[in-house]
Amino acid sequence: MSVRTFRHTSTIAAPLDEVWRRVTDFEGINDELMPVMRMRVPPGLRDATIDTVPLGVPLGRSWIFYLGFLPLEYDDLVITELAPGSHFQEASSMASMRRWMHRRELHAVDADRTEVTDVVGFEPRLPLLASPLEPVIRRLFVHRHQQLARHFANN
């Protein structure tokens, strides 16, 4: 089976440097995911950000909790690419995914707006799940962008 991919882009009403700090901080990532889910940061990375973790090495297992408290999934995190203020890329495996790729790119639209693009690729361990999972994963990333926009609208 091949990897399914999609892209989601939105414009956030905040300067690029503020958006970058938010999207690379584990607290910010969880804020984007809630109330749908929450990720537990792997041990030893509690005070880390994506900017500060080593590249290309497994960072540990990050447990994912549905509704913030029901164990649902895990992600064996590996950040494979990082250009601060521009983009990062995760290439991991999960309990349900043979391959999971998430690339987040940021571009300044102007001094007060930032374009955020997520490129997501996934290959379920059970190929029959690809079609039903795709709209769910797409919707999760729409939700993440909405949460990110709300964060900056309220600050």
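Structure first, text after, so check above.
Residues numbered from 1 in each chain as written. Predicted model: local features only at pLDDT ≥ 70, side-chain atom pairs only at ≥ 80, totals over all residues. Heavy atoms only, no water.

Novice: Residue-level account of the layout of surface pockets, with values.
Specialist: Space inside the largest pocket adds up to approximately 670 Å³. Along the wall of the largest pocket there are 34 residues; nearest its centre are Met37, Ile64, Met94, Trp100 and Leu140. For the lining of the largest pocket, the elements supplying multiple residues, two or more each, are helix H2 (26–33), strand S2 (37–39), strand S3 (60–66), strand S4 (70–77), strand S6 (87–94), strand S7 (97–110) and helix H3 (130–153). In terms of residue count, the dominant contributor to the lining of the largest pocket is H3 (eight residues). Across the lining of the largest pocket, the residue classes tally to 25 nonpolar, three polar and six charged. (1 Å grid on protein atoms, 1.4 Å probe; cavity = no way out; pocket = protein on both sides within 12 Å on 5 of 7 lines; lining within 4 Å. Points joined across faces, edges and corners; volume = space filled by probe spheres on them. Helix = DSSP H or I, 4+ residues; strand = E, 2+ residues; numbered from the N terminus. Nonpolar A, V, L, I, M, F, W, Y, C, P; charged D, E, K, R; others polar.)

Novice: Tell me about the packing of aromatic side chains, and please be specific about residues and values.
Specialist: Two descriptors summarise a pair of aromatic rings, namely the distance from one centre to the other and the angle between the planes of the rings. Under the criterion given, the structure shown has four aromatic pairs. A ring pair is formed by Phe6 and Phe141, whose centres lie 6.1 Å apart and whose planes are at 70 degrees; its orientation type is edge-to-face. You can see Phe6 sitting in strand S1 (residues 4–12) and its partner Phe141 sitting in helix H3, a full 135 residues away along the chain. Grouping residues by exposure puts Phe6 and Phe141 together as buried. Plain terms: the ring middles of Trp20 and Phe88 are 6.1 Å apart, the flat faces sit at 65 degrees to each other, and that makes the pair edge-to-face. One end of the pair, Trp20, is in helix H1 (residues 16–23); the other, Phe88, is in strand S6, and 68 residues separate them in sequence. A relative accessible area of 4% places Phe88 in the buried class. Within the aromatic cluster, the residues linked to one another by ring pairs are Phe6, Trp100 and Phe141. Sitting above the plane of the Tyr74 ring, Arg61 keeps its charged end 3.6 Å from the centroid. (Phe/Tyr/Trp six-rings, centres within 6.5 Å; stacked < 30°, edge-to-face > 60°. Buried < 20%, exposed > 50% of the residue type's maximum accessible area, 1.4 Å probe, protein only. Lys NZ or Arg CZ within 6 Å of the ring centre and 35° of its normal.)

Novice: Account for a nonpolar patch on the surface, naming residues and giving values.
Specialist: On the surface, Tyr66, Leu67, Phe69, Leu70 and Leu72 cluster together into a nonpolar patch covering about 490 Å² of accessible area. Within the secondary structure layout, Leu67 lies in the loop between S3 and S4. (Patch = residues over 30% accessible without salt bridge, like charges linked within 9 Å, V, L, I, M, F, W, Y side chains within 5 Å. Areas by Shrake-Rupley, 256 points an atom, 1.4 Å probe, with all protein chains shown as cover. Salt bridge = Lys/Arg side-chain N within 4 Å of Asp/Glu carboxyl O.)

Novice: Describe H1, and please don't skip the residues or the numbers.
Specialist: Taken as a whole, H1 has its buried residues at Val19, Trp20, Arg22 and Val23. Across the axial projection of H1, the buried residues extend over an arc of 165 degrees, all falling on one side. (Arc of directions from axis to C-beta.)

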